[in-house]
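These are the residues of each chain, in order.
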Amino acid sequence: MDFATSTSPAVQAQLDRLGALSVPQGRLGLATIRALLARLGDPHLALPPVFHVAGTNGKGSSCAFLRAMLEAEGYKVHATTSPHLVRYNERIRVAGELISDDRLAQLLAEVLDAGADLNPSFFEVTIAAAFTEFARVRADACVVEVGLGGRFDATNVIERPLVCGIAALGIDHERFLLAPEDGVPNNPIARIAFEKAGIAKPGVPLVTMGECYPDAARAVIAAITEKTGSPLREYGPGWCCDGFNAGTGRLFYRERYREGIDVPAPSIPGEHQYFNAGLAIAMLRSQSRLRVGEAAIAQGLRTARWPARLQRLSQGPLTMLVPGRAIWLDGGHNPSAGETLAEFFREPIHLIIGMLEAKDPQSIVGPLRDRIRSLTVVAVPGHDWHPAARFGPGACAAAGVEQALLGLPADGYCVLVAGSLYLAGEVLRLNGELPD
């Protein structure tokens, strides 16, 4: 469960109610969220045009690029993303601003009261609250990030999005997304693709990473879009972007039958962000209702922010513990994230890691192993986590990130804090960098 706290007593009272909800075991489908939304006046049917984004990794970054580009064009944009890092408010952005504590307290109370007898999940209440507010406040667009999977995700009540997208695919949340079920693919990555492609809607373009996926995953997505009548636009035959291998500091985006664009490199570090930015551009250019020009795309690439994704910490209480040393923060916790980190960090690093008990410790440590100068394991506050013994004989334990930093040798190598978005949120809080 995604625990949350607030400095606002009114918000905390509702978060306590939210945290007391039981976790639905084995419940599949959208019946509960539909019933809850019906009691709230079906706000999901009155949303501004929706950009709906799924994926294992990169969907949050693609949403950040989408929002930044749309806002650079002058549009007011609602957005709902997950999980939050420091404050629950981060999940609901209303017309460009994080929802206020006063409004959040009122909204959560309304939704929780409406669904008291339905036993909704934490995420179902969150999405119902977001959609309720989005339907009431004028905006030009909604950017909606899928929470988990796609087919049975609470966001999938959206009946007619403007365009859908699927970011990178990988194995994650196996307990939920690979649960045995009749009539679904047996191959794990094909099953993941099957779940993500569940957001496809008749007549609504679905933009994907195409040739970046394994063949089995790509085939499943193609079959689903053909069955649903969703126009498929894949990386490769439909659109592409490059420039990252050449080290030009530019992004070159192009597609069939349309003039390409040459824009700045993404502001969010990592070569993989070129693909996430390209997905956002392709989604924008797959619809005609909201015009977004090249200048706005360029501005959005320069200004997009997505905390705890290869984020270099600014000066603050934590960085002051090791002056002059770079501290990087990443919430990655699955094998795909580990591979991405290994591509970014080519030199030796000191790794401070905290991982949830349900995750594989080797998913991050394995790809980075030949670069790790020291490995320090810390707790993930408020969650069950892996102790140092699970990371191998070279791992040591520390009481917290501060102690881990103070225990590093003075060799000047940079530091990576990784393994959990929950840990990342704690690091941002400790360093005074609250996401806005």
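Refer to the structure presented above.
Remember, it's a predicted structure, so these values are computed and weren't measured experimentally. (Residues numbered from 1 in each chain as written. Predicted model: local features only at pLDDT ≥ 70, side-chain atom pairs only at ≥ 80, totals over all residues. Heavy atoms only, no water.)

(A) Broad picture of the nonpolar core. F51, M69, L70, L169 and W239 are the most contacted members of the largest nonpolar core, which has 67 residues in total. In terms of residue count, helix 9 (residues 272–284) provides more of this core than any other element does, 8 residues in total. Among all residues touching L169, those that are not within four sequence positions of it are T56, I189, I192, A193, K196, Y213, A217, I221 and S336. One finds Y88, I99, L112 and V144 within the second-largest nonpolar core, a separate group that totals 37 residues. (Core = buried A, V, L, I, M, F, W, Y, C linked by side-chain atoms within 4.5 Å. Buried < 20%, exposed > 50% of the residue type's maximum accessible area, 1.4 Å probe, protein only. Helix = DSSP H or I, 4+ residues; strand = E, 2+ residues; numbered from the N terminus. Contact = heavy atoms within 4.5 Å.)

(B) Fine view of the packing of helix 1 (residues 9–19) against helix 4 (residues 101–114). Closest axis-to-axis distance for the helix 1/helix 4 pair is 8 Å, and the angle between their directions is 30 degrees. Taken together, helix 1 and helix 4 sit at an angle that is classed as roughly parallel. Judged by the twist between their axes, the crossing of helix 1 over helix 4 is left-handed. Note on element contacts: helix 4 touches helix 1 through D101, L104, A105, L108, A109, L112 and D113, opposite A10, V11, Q14, L15, R17 and L18. (Axes fitted to C-alpha atoms, helices over the stretch in contact; angles between N-to-C directions. Parallel < 35°, antiparallel > 145°, perpendicular 65-115°, else oblique. Left-handed = near helix turned anticlockwise from the far one by under 90°.)

(C) Spatial organisation of the sheet that holds strand 11 (residues 258–264). If you trace the 3 strands from one edge of the open sheet to the other, you get 9-10-11, paired in antiparallel fashion. Two strands close off the open sheet at either side, each with one partner strand: strand 9 (239–242) and strand 11. Averaged over neighbouring strand pairs, the angle between their axes works out to 15 degrees when direction is ignored. In the sheet, strand 10 (residues 250–255) pairs with strand 11 via 5 bridges, with the strands oriented antiparallel. Looking at the pairing, E255 lines up with R258 of strand 11. (Pairing = 2+ DSSP bridges.)

(D) Structural detail: the packing of helix 2 (residues 31–39) against helix 5 (residues 122–136). Relative orientation of the contacting elements helix 2 and helix 5 amounts to 35 degrees, with a least axis distance of 10 Å. For the crossing formed where helix 2 meets helix 5, the hand is right-handed. Two secondary-structure elements touch here, helix 2 through T32, I33, L36 and L37 and helix 5 through E124, V125 and A128. Here the residues of the contact of helix 2 with helix 5 are counted per class, giving 5 nonpolar, 1 polar and 1 charged. (Nonpolar A, V, L, I, M, F, W, Y, C, P; charged D, E, K, R; others polar.)

(E) Main features of the pattern of salt bridges. Scanning all chains against the criterion turns up 21 salt bridges. As a salt-bridge pair, E145 and K59 come within 4.0 Å of each other at their nearest N and O atoms. Of the two residues, E145 sits in strand 5 (residues 141–145) while K59 sits in helix 3 (residues 59–72), which places them 86 residues apart along the sequence. In this structure, E145 and K59 share a single accessibility class: buried. Here R191 makes a salt bridge to E181, at a shortest N to O gap of 3.4 Å. Of the two residues, R191 is situated in helix 7 (residues 188–196) and E181 in the loop between helix 6 (174–177) and helix 7; the sequence distance between them amounts to 10 residues. Taking relative accessible area as the criterion, R191 reaches 5% and is therefore assigned buried. (Salt bridge = Lys/Arg side-chain N within 4 Å of Asp/Glu carboxyl O.)

(F) Molecular detail of the state of the cysteines. With the rule as written, the count across this model stands at 0 disulfides. We note that C396 lacks a disulfide partner, and the nearest cysteine sulfur, in C414, lies 17 Å from it. (Disulfide = S-S within 2.5 Å.)

(G) Expanded view of the sheet that holds strand 8 (residues 232–234). Pairing within the open sheet is mixed, and its 8 strands lie in the order 4-3-2-5-1-6-7-8. One side of each edge strand has no neighbouring strand; the edge strands of this open sheet are strand 4 (97–98) and strand 8. With 3 bridges joining them, strand 6 (residues 163–166) and strand 7 (residues 206–208) adopt parallel strand pairing. Residue pairing across strands places I166 opposite T208, the latter belonging to strand 7. In this fold helix 3 packs onto strand 1 (50–54), strand 2 (77–80), strand 3 (92–94) and strand 5, with an angle of close to 170 degrees to the strand it touches most, strand 5.

(H) Fine view of helix 8 (residues 215–228). Taking 1.5 Å as the rise per residue, helix 8 with 14 residues should run 20 Å; its terminal C-alpha atoms sit 20 Å apart, in good agreement. If you check which residues of helix 8 are buried, you get A217, V220, I221, I224 and T225. Seen along its axis, helix 8 keeps its buried residues to an arc of 130 degrees; they face one direction. Exposed and facing more than 90 degrees away from the buried side of helix 8 are D215, E226 and K227. On its buried side, helix 8 packs onto strand 6, helix 7, strand 7 and strand 8. (Expected span 1.5 Å × (residues − 1). Arc of directions from axis to C-beta.)

(I) Looking closely at unusual backbone geometry. In this model, S82 is joined to P83 through a cis peptide bond whose omega is -10 degrees. Summarising the element assignment, P83 is placed in the loop between strand 2 and strand 3. Located in the positive-phi region is D42, a residue other than glycine, with phi close to 50 degrees. Mapped onto the elements, D42 comes out in the loop between helix 2 and strand 1. Non-glycine residue L310 carries a positive phi angle of around 45 degrees. Counting through the fold element by element, L310 comes out in the loop between helix 10 (294–303) and strand 12 (311–312).

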